[in-house]
Amino acid sequence: MSWKPAPHPLRWPLTVDDTTLAELPLRPILHGEHAELMRRLDSLKSERPAEGKPLEDIEFDELAFLSLASMTTGLKEGDVKRLKRPDFNGLASRVLE
């Protein structure tokens, strides 16, 4: 039996691809997925100064969060960004759990 987090209810439903979501399904993020994401972000952080566009820590943190939120909900990063603040903040707490 595997553990699955409870869905995240939304105060303001989100419409994605003609489907209105009143809650977001969540799935656990596996250690390997997390490690691969962090490896890719670290690589991006080290490549950007060579291009003359260093990746600031806050930008790195935002990319990491959006990627993790997208991974756990199955939404595209742009859809995660469209969440209203109370829903976005609640999702952030859930993702960081």
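Data block above holds the structure.
Values in this document were obtained by computation on a predicted structure and should not be read as measured data.

Thresholds applied
Residues numbered from 1 in each chain as written. Predicted model: local features only at pLDDT ≥ 70, side-chain atom pairs only at ≥ 80, totals over all residues. Heavy atoms only, no water. Helix = DSSP H or I, 4+ residues; strand = E, 2+ residues; numbered from the N terminus. Expected span 1.5 Å × (residues − 1). Contact = heavy atoms within 4.5 Å. Pairing = 2+ DSSP bridges. Axes fitted to C-alpha atoms, helices over the stretch in contact; angles between N-to-C directions. Parallel < 35°, antiparallel > 145°, perpendicular 65-115°, else oblique. Left-handed = near helix turned anticlockwise from the far one by under 90°. Nonpolar A, V, L, I, M, F, W, Y, C, P; charged D, E, K, R; others polar.

### Comments concerning helix α1 (residues 31-47)
In an α-helix, one turn spans 3.6 residues; hence positions three or four apart end up facing the same way.
Then step 1. In a regular helix each residue adds 1.5 Å, so 17 residues correspond to 24 Å; α1 covers 24 Å between its end C-alpha atoms and thus fits that length.
Then step 2. Packed against the buried residues of α1 are α2 (57-73).

### Points about the pairing of strand β1 (residues 8-16)
Then step 1. Relative to strand β2 (residues 19-24), β1 runs antiparallel, the two sharing five bridges. Residue pairing for β2: T15 is matched across the bridge by T20.
Then step 2. In sequence, β1 turns back onto β2 through a hairpin of two residues, with D17 there showing a positive phi of about 50°.

### Some words on the packing of α1 against α2
Then step 1. Axis separation between α1 and α2 bottoms out at 11 Å; the angle between their running directions is 150°. Classed by the angle they form, the pair α1 and α2 counts as roughly antiparallel. In this structure, α1 meets α2 at a crossing whose hand is right-handed. Counting all contacts with α1, which are made through E33, H34, L37, M38, L41, D42, L44 and K45, the residues of α2 involved are D57, F60, L63, A64, S67, L68 and M71.
Then step 2. Of the residues belonging to the contact of α1 with α2, the class tally is nine nonpolar, two polar and four charged.

Note that all results are geometric; they support no functional claim without further evidence.
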